[in-house]
Amino acid sequence: MRLYINIDHVATVRQARLTDEPDPVRAAVLAELGGADGITIHHRQDARHISVRDVELLGRTVRTGINLEISSNERMVDLAVSTLPMQVTLVPEKREEVTTEGGLNLTSASVRGSLAAGLGRLADAGIRTSLFIDPDAVSVDETKALGADAVELHTGEYANAVGDREKATELARLAEAAARADAAGLAVHAGHGLTYENVVPVAALPLIEELNIGHSVVSRSVFVGIERAVREMKEIVEGAPGRVRRPGEWAPPIGF
Ligand code: PXP
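Being a predicted model, the structure only gives us computed values, none of them experimental. (Residues numbered from 1 in each chain as written. Predicted model: local features only at pLDDT ≥ 70, side-chain atom pairs only at ≥ 80, totals over all residues. Heavy atoms only, no water.)

**Observations concerning the overall build of the protein**
- Scanning the protein from terminus to terminus reveals 11 helices and 8 strands.
- The globule rule puts the C-alpha radius of gyration for 256 residues at 18 Å, and the 17 Å found for the protein is close to it.
- Counting only C-alpha atoms, the protein reaches 50 × 45 × 30 Å along its principal axes.
- Buried residues in the protein amount to 50% of all 256 residues.
- In the protein, 67% of the contacts between residues at least 6 apart in sequence involve partners at least 24 apart.
- Entry remark: accessible area of the protein is about 11,600 Å², with carbon and sulfur atoms responsible for 51%.
- Looking at the protein, you have 27 positive and 37 negative side-chain charges, and the mean spots of the two groups are 2 Å apart. (Helix = DSSP H or I, 4+ residues; strand = E, 2+ residues; numbered from the N terminus. Rg over C-alpha atoms; globule rule 2.2 N^0.38 Å. Buried < 20%, exposed > 50% of the residue type's maximum accessible area, 1.4 Å probe, protein only. Contact = heavy atoms within 4.5 Å. Areas by Shrake-Rupley, 256 points an atom, 1.4 Å probe, with all protein chains shown as cover. Lys, Arg positive; Asp, Glu negative; His and termini not counted. Charge placed at Lys NZ, Arg CZ, Asp CG, Glu CD.)

**Digging into the sheet that holds strand β8 (residues 210-213)**
- Strand order in the closed barrel formed by 8 strands is β1-β2-β3-β4-β5-β6-β7-β8, with parallel pairing between adjacent strands. Across the sheet, the mean angle from the axis of one strand to that of its neighbour is 25 degrees, orientation sign disregarded.
- Where strand β5 (residues 128-133) meets strand β6 (residues 150-154), 4 bridges bridge the pair, whose relative direction is parallel. From the neighbouring strand, Ser130 faces β6, where its bridge partner is Ala150.
- The strands touched by helix α8 (residues 163-183) are β6 and β7 (187-191); relative to β6, the strand with the most contacts, the crossing angle is about 175 degrees.
- Packing of helix α11 (residues 226-238) onto the sheet brings it into contact with β1 (2-6) and β8, and relative to β1 it is tilted by some 145 degrees. (Pairing = 2+ DSSP bridges. Axes fitted to C-alpha atoms, helices over the stretch in contact; angles between N-to-C directions.)

**Focus: the side chain of His49**
- Position of His49 among the secondary structure elements: in the loop between β2 (38-42) and α3 (52-61).
- From its side chain, His49 meets the backbone oxygen of His42 in a polar contact 3.3 Å long.
- Among residues more than four places away in sequence, those in contact with His49 are Asp8, His9, Ala11, Thr12, Arg14, Gln15, His42, Arg44 and Asp54. (Polar contact = N/O pair within 3.5 Å; in protein donor to acceptor, adjacent residues only side chain to side chain.)

**Focus: the side chain of Ser71**
- Topologically, Ser71 is positioned in the loop between β3 (66-70) and α4 (74-83).
- Its relative accessible area of 6% is what places Ser71 among the buried residues.
- In terms of polar contacts, Ser71 uses its side chain to reach the side chain of Gln45, at 3.1 Å.
- Apart from the residues within four sequence positions on either side, Ser71 is in contact with Gln45, Met76, Val77, Leu90, Val91 and Glu93.

**Here's the deal with the site of the ligand**
- Near the ligand lie 15 residues; those nearest to it are Thr100, Glu152, Gly193, Gly214 and His215.
- Here an oxygen atom of the ligand and a side-chain polar atom of Glu69 are 3.2 Å apart.
- In the model, an oxygen atom of the ligand is placed 2.8 Å from a nitrogen or oxygen of the Gly214 main chain.
- Across the complex, the protein chains shield 94% of the 400 Å² of accessible surface that the ligand would expose by itself.
- A breakdown of the residues in the shell around the ligand according to their chemical character gives 3 nonpolar, 9 polar and 3 charged. (Near = heavy atom within 4 Å. Nonpolar A, V, L, I, M, F, W, Y, C, P; charged D, E, K, R; others polar.)

**Brief notes about the nonpolar core**
- Ranked by size, the top nonpolar core spans 66 residues in total, and within it Ile7, Ile41, Leu131, Leu153, Val202 and Leu211 carry the most contacts.
- Looking at this core element by element, the count peaks at 6 residues for α8. (Core = buried A, V, L, I, M, F, W, Y, C linked by side-chain atoms within 4.5 Å.)

**Topic: the environment of Gly35**
- Relative to the helices and strands, Gly35 resides in the loop between α2 (24-33) and β2.
- Here the alpha-carbon distance between Gly35 and Ile236, two residues 201 residues apart in the chain, equals 12 Å.
- Apart from residues no more than four positions distant in its own chain, Gly35 is found in contact with Val230 and Lys234.

**Here's the deal with a nonpolar patch on the surface**
- Among the surface-exposed residues, Val29, Leu30 and Leu33 lie close enough to one another that they form a single nonpolar patch of about 250 Å² accessible area.
- Turning to its location among the elements, Leu30 is positioned in helix α2.
- By relative accessible area, which is 34% here, Leu30 ends up partly exposed. (Patch = residues over 30% accessible without salt bridge, like charges linked within 9 Å, V, L, I, M, F, W, Y side chains within 5 Å. Salt bridge = Lys/Arg side-chain N within 4 Å of Asp/Glu carboxyl O.)

The structure is reproduced here in structure tokens:
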């Protein structure tokens, strides 16, 4: 299991004052020292947190690997092709949203067309590609058809689920989508809304090989420092029971 730390919200604090601190480049160094397997950054079209400068400088300083989240907008893909991150995750983007609200709508022909163009350019540049999708069969199958290397399953519904029954339902959806993606030869990532409290059942899903976690870790880092906050998350993720489960066989872990 690889733990990628999303440092967007270090830049959010900087942008609150339009100054030069805290610098996400420093945060990335410390996150790597804390055991992050990679650094995730989301460059939005309005550059509300991560800027072009950050993408370029992080590209030259991060030693692990960068997972750049962008929309399939041509200008965003241009930036990826010129900075060559290790991986690009294509995500939907609405200007008015506070954070990414759901996975890509792969039932839309225009969305698929834009993704196909972006994925082609990224693959030609030698960049590994992933699509951020809701955990359903259609989205997994369309991701495969579009030729991406990986899916990132949106864990937001799981994170927002209330009560054991709802959580179990959402976890089963994630397990089923992970199994379908894995069977199709796609690498399986997951993220959004994961916290120190809710990450274990997701980390315990055996087919998920990469987690992207941001807000919870950056929030904790305000109090304990980012290196420690990352180390603590890494310990929790690595300590998750590695049980082999098939779709429909999910059982809540003790104390869940
Ligand atoms: N994965 C994707 C595709 C995202 O857009 C985000 C948020 O930028 C994350 C993971 C991380 O989510 P969170 O900040 O809730 O951990």
